[in-house]
Structure formats: C-alpha cells, structure tokens
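Residues per chain, in single letters:
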Amino acid sequence: MPEQLLQDIVIVGGGTAGWMAAAALSTVLRDRYRIRLVESDEIGIVGVGEATIPMIQRFNRVLGIDENEFLRETQGSFKLGIEFVNWGRVGDRYMHGFGRVGQDLWTVPFEQYWHRLRALGKAAPLEAYSITRMASLANRFMPARPDIPNSPLADINYAYHFDASLYARYLRRLAEQRGVVRIEGKITHATRRGEGANPGHIDAVVLESGQRVEGELFIDCSGFRGLLIEQELKTGYEDWTHWLPCDRALAMPCESVSPLTPYTRSTAHRAGWQWRIPLQHRTGNGHVYCSRFISDDEAAATLLAHLDGKPLADPRPIRFTTGMRRKIWNENVVAVGLASGFLEPLESTSIHLIQSAIQQLIDFFPDRGFDAADIDEFNRNSRFHYERIRDFIILHYHVNQRDDAPFWQACADMSIPAALQEKIALFKSHGRIQRFNNELFTEVGWLQVMEGQNLRPQRHHPLAALQDEQATVDYLESVRDVIAKCVDVMPDHAQYIAEHCAAP
Ligand code: FAD
C-alpha cells in the first residue's frame, strides 16, 4: 500500500475563500500534494468582504506575509475596532475596539470596578480605559511596542481593511509561487465514484470545455451557490432568518475622505445598517437591509444619502440567506467561505470563519481515507463557531431601544437562542460574562456591545466593593491618564500609512 493515498486536492472557486485556502494549504502541505484551483472569470467573485479581525495576523504570519507589502498591494488600512452608530437608540455611538479594556489589578475583572464607579457617577465612559478605542477616536495608529512592557503601547491589537479583489489577486500570486495550479473555466457538474469504497464521493468536476478535473479531496469555495456541497451533495441549509432577518445588501464604493479612520463604521438605519470601510484608494460602503421592511429603491436612497465621498459606481445588489450548511464537511467535500453559510458582516467575521475552516481542515487532515470521527468533530467545531458568532450578532439587533421603526421593534420582540438569553440574564444580574470555551469573542467584546447597547447590570460583583472607593477612583483615573498619554505619542493613521505602506 502506498504511504500516502490522498494526493489530489481540488479547490472550486477563486474568491477570498478559494485563494486563502490555496495559499494556506500550499504553504503548510509543501509540495507533497497536488493542489489545483478552478475558477471562472466570467462568474467572478462576490467582491465584498474588506474588513477583518485581529486573528488574520496569525494567518499572515503562517504564510510569511510582510505586513507593509500586504497593505501596499491591497490598498489596505489598519483597523482598531468598529464604531457603532444609532444601534441602541438613534444618536447613540460606541466603539467595539480590539484588545483589552482597563488593566486587571485586584480580585475581580476591571469592568466590575468600573460598574461600581459608574453607578456612583464616578467613572468615565468605558472607551476611556482602552488604547485602541482612544486611538480610534483620535485617528491614530501604530503597531504594538512589545519592547515597552507594562505599557498600553505594548498591547495594541489590530486588524486590516483591504480591497477584496486585490486581496484575492495577492493571495493568488503567493499560492501560484508555492505550486498551486489555476484552471480557468466554468464547472457544469460533478461526477461521483458510484462504486467501490465511498461511492458517494465526488471524483471529478467537469468544465464547459469537457475537461475533467479529478481529485480526492474537494474544497468547495464556490460562494453562495455551494456548487458541490449543495447542488451536488444536497447537504441542506439551516435557515437563521428568524434571528437575523436582513437578506439583501447594496455595495457601493465612494472616494476616500480625510481623515483616514483606523476603524470600520456601522451605522444602523431604519431597516438594517450601513458599513463604511476606509481604504487608501476608496471607501467601501454597503447597506445591509431586510426586504420585508424596506424597498430596494428606499435602501439605495438611504445608502446614497449617507456616503461621505463622491460615489465611484452604481449600487451593486447582493442577496443572501443567513444560516449555515447542515454539514460543512460532507463526503469528501469541505465547504469554505460563503459555500459553508452566511452571517452578516456586522462584526467582520466571515473571513475569520474561512481562516478557522482552513485551520480545522489542517487539524483533521485525512491521510488514507476519510474517518467519520474526524469529520464529525470537524462539523461539531464548525457549528460551535458559527453559533457563537451568530449569537453575538443577534445581540446587536435584539438589545435595542429604538421606537422609531417597526424593524427594530420586531428585533427587540423576537425570541432569541437560549444560550444568548442566559448570557444576557447573567450580565443583567451582576455584570458577569460567561465565555464559552474557545468562543471567538472575548468577555471584553461582549462587554462593549452589551454596554454600548445600554444593557446595564443591576449590581456589580460584591467583591468589587471590598476595595476602598477612593483607591478605586484613583486607580481608574491613573489607567485613563496613562492611556491618554500613550495615544498622544501615536502617529496619525494616514501619516503612518504614508511612511510605511502607501500604495504607489
Ligand atoms: P465568492 O467571492 O463568491 O467566490 C466564488 C468563486 O467561485 C468565484 O471565483 C467564482 O468564479 C467561483 N465559481 C462559482 N461557480 C463556479 C462555476 N460554476 N465554475 C467555476 N467557478 C465557479 N466578510 C468579512 O470578513 N468582512 C466583511 O466586511 C464582509 N462584508 C461582507 C458584505 C456582504 C454584503 C457580503 C455578502 C459578504 C461580506 N463578507 C465579509 C463575506 C465575504 O465577502 C466572503 O466571506 C468572502 O468574500 C468569501 O467569498 P467566497 O470566496 O466564499 O465566494
């Protein structure tokens, strides 16, 4: 028996998911496997997906990507968090910044002392205790300085904004350099083994030209259509629109304006929300909305009315159904990207889900065939990640006090998943946050959104009151003061880019 049976990997689709998978697998698997990627220029890519979360730095490190080159080639910018406007109530504004808030010192988490002082009217807004939030508000950026230990400057957590098409092109070059072969063409159908072991396995995809591309492991990155995972294998889709009812988006770039903000902005509108993603050469915008509550024309008018630069194209419509595939890995097909499911981009999590699917595929990589125990565990983990992120996004919609629009009232009235109900109840009682094992969003992420959407604990943790009140005031004040001083020495975001990673 040959030592390694699995030789041929076929990636179907060359959007962000396809090229991320190709670049990562060609790096990790070296040249011991044949990796081919089939894509169709005629079909093209979804072309949105331009804001990320800090985990992407880990992906870039594994691939050996140089940050400055990467941002130059993708016209990218830095991201320290997301500003939410009009979410709790019209006129509200809060930051969900990356990294920590405050500095733990005594028995219970920092925010418990903050809850105590806030109730006494003696605390500043939460964001005053976080370097990424204060730097965002001042439009400043610099990478962390681990050489200054115990300083907030050593702890600057960030992600990127980039142009999705340039990102796919950048990764393609990298993957091709590492041996991936790209095949241009439109796939018409797939064929199955039909006999012997694993008769349900796909053995080839067939192109319009008649060319057969054979493989043993197929990675379905074909976007919403789920060419293999759904159209061929009929895996099924779990629909979550009763919790996340937005079903359409209009995407539209506009000219960049100054200042170049180091954060994404999400502005809630009457029946959805609008993203704003600052890049070097343009600003990406889009309106995500619920077609039951607003017409396409009204949605387009709302988007146009809230651009802060001259439009560079007409609005481009995209339709989707929030939810996930019943199985992300089925037979010998692993779905990655939009083929695996869709959670709206409110917290920029889709590209992260691509990264985490690739990581999991590496963790459960098959050798002499496909083991049901591995596939089941892969599917359980994928579901866990999807559901935890889903709940976090539902939180933004559900905890609102907007009485100006039926969409928001429907969101406030809807029933929510039990795990989220428990999280909210726990926070309401004593401000405690339960983080499920390995869940993507940390306690600090949940805290900022709960607090930003005006959810208030009835009481703080009892042990927060053991500390002398004036000592607590002084401590919080010192944290705030140090952060303000650190932000003062950070360069302007646009200036940092001009000096290190500006596109020519
Ligand atoms: P696609 O880009 O659609 O690529 C599909 C590929 O399959 C293409 O190459 C196509 O040519 C190929 N293909 C399809 N059918 C065939 C065929 N028959 N033959 C040959 N080739 C075929 N994510 C984030 O992380 N941050 C964000 O800010 C964000 N914003 C978003 C906003 C919106 C409105 C939407 C809808 C999504 C957003 N996402 C975001 C998600 C993100 O866009 C996707 O996760 C990402 O682009 C991956 O897409 P994909 O590669 O799976 O699919």
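Residues numbered from 1 in each chain as written. Predicted model: local features only at pLDDT ≥ 70, side-chain atom pairs only at ≥ 80, totals over all residues.

The name that an unreviewed UniProt entry assigns to the chain is Tryptophan halogenase family protein, with the source organism given as Pelomonas lactea.

> Describe in detail the overall build of the chain, supporting the description with residues and values.
Regarding its fold elements, the chain presents 15 helices and 21 strands. In summary, the chain has a C-alpha radius of gyration of 24 Å against a globular reference of 23 Å for 504 residues, a match within 12%. Taking the principal axes of its C-alpha atoms as reference, the chain extends roughly 75 × 50 × 50 Å. In the chain, which comprises 504 residues, the proportion classed as buried is 48%. (Helix = DSSP H or I, 4+ residues; strand = E, 2+ residues; numbered from the N terminus. Rg over C-alpha atoms; globule rule 2.2 N^0.38 Å. Buried ≥ 20, exposed ≤ 12 C-beta atoms within 10 Å, placed from the backbone.)

> Account for the site of the ligand, naming residues and giving values.
Taken together, 39 residues surround the ligand, and among them Gly13, Gly15, Gly49, Gly223 and Gly337 come closest. Listed by contribution, the elements that provide at least two residues to the shell around the ligand are helix H1 (16–28), strand E2 (34–39), strand E13 (248–254) and helix H9 (350–363). Considered class by class, the residues forming the shell around the ligand number 20 nonpolar, 15 polar and 4 charged. (Near = placed C-beta within 6 Å. Nonpolar A, V, L, I, M, F, W, Y, C, P; charged D, E, K, R; others polar.)

> Outline unusual backbone geometry, supporting the account with residue identities and numerical values.
With omega at 0 degrees, the peptide bond leading from Ser258 into Pro259 counts as cis. With respect to the helices and strands, Pro259 occurs in the loop between E13 and strand E14 (264–269). Unlike most non-glycine residues, Asn139 shows phi in positive territory, near 55 degrees. Structurally, the position occupied by Asn139 is in the loop between helix H5 (131–137) and strand E6 (159–161). On the basis of neighbour count, Asn139 is assigned to the partly exposed category, with 19 C-beta atoms found within 10 Å. Within the chain, Asn150 stands out as a residue other than glycine whose phi angle is a positive 65 degrees. Looking at the element boundaries, Asn150 is found in the loop between H5 and E6.

> I'd like a description of the packing of H1 against helix H6 (residues 164–177), backed by residues and values.
For the pair H1 and H6, interaxial distance at closest approach is 9 Å and the crossing angle is 25 degrees. Taken as axis vectors, H1 and H6 run roughly parallel relative to one another. Taken as a pair, H1 and H6 cross one another with a handedness that is left-handed. Together, Thr16, Trp19, Met20, Ala22, Ala23 and Ser26 of H1 and Ala164, Tyr167, Ala168, Leu171, Arg172, Leu174 and Ala175 of H6 make up the contact between the two elements. Within the contact of H1 with H6, the residues separate by chemical class into 10 nonpolar, 2 polar and 1 charged. (Axes fitted to C-alpha atoms, helices over the stretch in contact; angles between N-to-C directions. Parallel < 35°, antiparallel > 145°, perpendicular 65-115°, else oblique. Left-handed = near helix turned anticlockwise from the far one by under 90°. Contact = placed C-beta atoms within 7 Å.)

> Go over the sheet that holds strand E19 (residues 329–330), please, and point to the residues and values.
Within the open sheet, the 6 strands sit side by side as E7-E2-E1-E11-E20-E19. Their pairing is mixed. Pairing within the sheet leaves two strands with one partner each, and these edge strands are strand E7 (181–184) and E19. One ladder, built from 5 bridges, connects strand E1 (residues 8–12) with E2; its direction is parallel. By the bridge assignment, Val10 is partnered in E2 with Arg36. (Pairing = 2+ DSSP bridges.)

> Summarise the sheet that holds strand E9 (residues 202–207); cite the residues concerned and give the values.
Ordered in space as E8-E9-E10, the 3 strands form an open sheet in which the pairing is antiparallel. The open sheet has two free edges, formed respectively by strand E8 (187–192) and strand E10 (212–214), since each of these has just one partner strand. Direction aside, neighbouring strands of the sheet carry axes that sit 25 degrees apart on average. Two elements, E8 and E9, share 5 bridges in a ladder whose sense is antiparallel.

> Break down the nonpolar core for me, citing the residues and quoting the values.
Counting residues in each nonpolar core, the largest one holds 133 residues, and the members touching the most others are Ile11, Val12, Ala21, Ala22, Ile219 and Val336. The contacts of Ala22, once residues within four sequence positions are left out, are Ile11, Ile35, Leu37, Ala175 and Val180. (Core = buried A, V, L, I, M, F, W, Y, C linked by C-beta atoms within 7 Å.)

> If you had to explain the environment of Ser222 to someone new, which residues and values would you point to?
Among the secondary structure elements, Ser222 is positioned in the loop between strand E11 (217–220) and helix H7 (227–232). The spacing of Ser222 and Ser340 is 118 residues in sequence and 9.5 Å in space, taken between C-alpha atoms. Other than its neighbours up to four places away in sequence, Ser222 contacts Val12, Gly13, Leu227 and Ala339.

> Tell me about H1, and please be specific about residues and values.
The terminal C-alpha atoms of H1 lie 18 Å apart, and with 13 residues this matches the ideal 18 Å at 1.5 Å per residue to within 8%. For H1, the buried fraction is high: 11 of the 13 residues fall into the buried class. Taken as a whole, H1 has its buried residues at Thr16, Ala17, Gly18, Trp19, Met20, Ala21, Ala22, Ala23, Ala24, Leu25 and Ser26. Tucked into the core, H1 has its buried residues touching E1, E2, helix H2 (56–63), H6, E11 and H9. One or two positions beyond H1, positive phi appears at Arg30, with a value near 55 degrees. (Expected span 1.5 Å × (residues − 1).)

> How would you sum up the environment of Ala305? Please name residues and give values.
Relative to the elements of secondary structure, Ala305 occurs in helix H8 (residues 296–305). Look at Ala305 and you get exposed, because 9 C-beta atoms sit within 10 Å. Measuring from C-alpha to C-alpha, the distance between Ala305 and Asp371 comes to 54 Å, with 66 residues separating the pair along the chain.

> If you had to explain the environment of Gly81 to someone new, which residues and values would you point to?
Tracing the backbone shows Gly81 in strand E4 (residues 81–85). Note on Gly81: 27 C-beta atoms within 10 Å, which makes it buried. Residues Gly81 and Arg34 lie 47 residues apart in sequence; the distance between their C-alpha atoms is 39 Å. Each residue touching Gly81, except ones within four places of it in the same chain, is listed here: Met95, His96, Gly97, Phe98, Thr132, Arg133, Ser136 and Tyr263.

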